[in-house]
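# Analysis of the macromolecular model
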Amino acid sequence: MIILLKEFLKSLIVLMLFCIVLVFPQPSKVKYNHYVNVRFEYSVNYPTTLIAQGEADNGDGQRFISKDKKAEMAVYGAYNALEQSLKDLYEEAISEKEKESAIVTYKVLKRDFFVISGKGNGKIFYQKTIKQDDIFKTLIIEYDESLKETFNPITSVISNSFKNTGGH
């Protein structure tokens, strides 16, 4: 009797695990391309589902857009011509989002970078700006809230890959 009960429990556990796999499918493996900006010395990975729009004429960066236009990414560098502090730019970015009636749900300011993210107008946004010497390097990602489950982990990968390539 005990042996039958053990076998039944084993079968039940296997069946439960099988059902969990069916209900919660494993995320598909996202493939990434790599973009390097020579002028401002930064690089970033981006998913192959975003289509590169070609580097800007001045060489400062590039935009990437999904075929359905529900997700967009931009990366660019800029000289600090207005001699702003990183904190100034951080506060300006938050203020701009609030003017757009967006809600900033996450913000962090460190010595050499800041991040803000949130949502507004049916979209989720994420911005990371790095300051290196007298140059700001910015990554902006925006996507429809309906893509949250797919794009939140992708945004994390992109953000972690966004790096200075210069030797400063």
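In case you missed it, the structure is sitting above this.
A brief structural summary. Here the structure is a predicted model, which is why all the values come from computation and not from measurement. (Residues numbered from 1 in each chain as written. Predicted model: local features only at pLDDT ≥ 70, side-chain atom pairs only at ≥ 80, totals over all residues. Heavy atoms only, no water.)

### Looking at the nonpolar core
Within the largest apolar cluster, 24 residues are counted, with the highest numbers of intra-cluster contacts made by Met73, Val75 and Leu139. Contributing elements (two or more residues each) for this core: strand 2 (42-47), strand 5 (71-79), strand 8 (123-132), strand 9 (135-144) and helix 3 (148-161). By residue number, the principal contributor to this core is strand 9, which donates four residues. Setting aside its immediate chain neighbours within four residues, Met73 contacts Val44, Asn45, Tyr46, Leu50, Gln62, Arg63, Phe64, Leu139, Ile140, Ile141 and Ile158. (Core = buried A, V, L, I, M, F, W, Y, C linked by side-chain atoms within 4.5 Å. Buried < 20%, exposed > 50% of the residue type's maximum accessible area, 1.4 Å probe, protein only. Helix = DSSP H or I, 4+ residues; strand = E, 2+ residues; numbered from the N terminus. Contact = heavy atoms within 4.5 Å.)

### Some words on the pairing of strand 7 (residues 113-120)
With six of its eight residues buried, strand 7 lies for the most part within the structure. The pairing of strand 6 (residues 103-109) with strand 7 spans six bridges and is antiparallel. Pairing of Ile103 across the sheet is with Lys119, part of strand 7. The turn joining strand 6 and strand 7, which pair antiparallel and follow one another in sequence, is formed by three residues. Strand direction decides the pairing type here: strand 7 and strand 8, joined by eight bridges, are antiparallel. Looking at strand 8, one finds that Phe113 is bridged to Ile130. Remark: two residues form the turn of the hairpin made by strand 7 and strand 8, two consecutive strands paired antiparallel; Asn121 in that turn has positive phi of roughly 55 degrees. (Pairing = 2+ DSSP bridges.)

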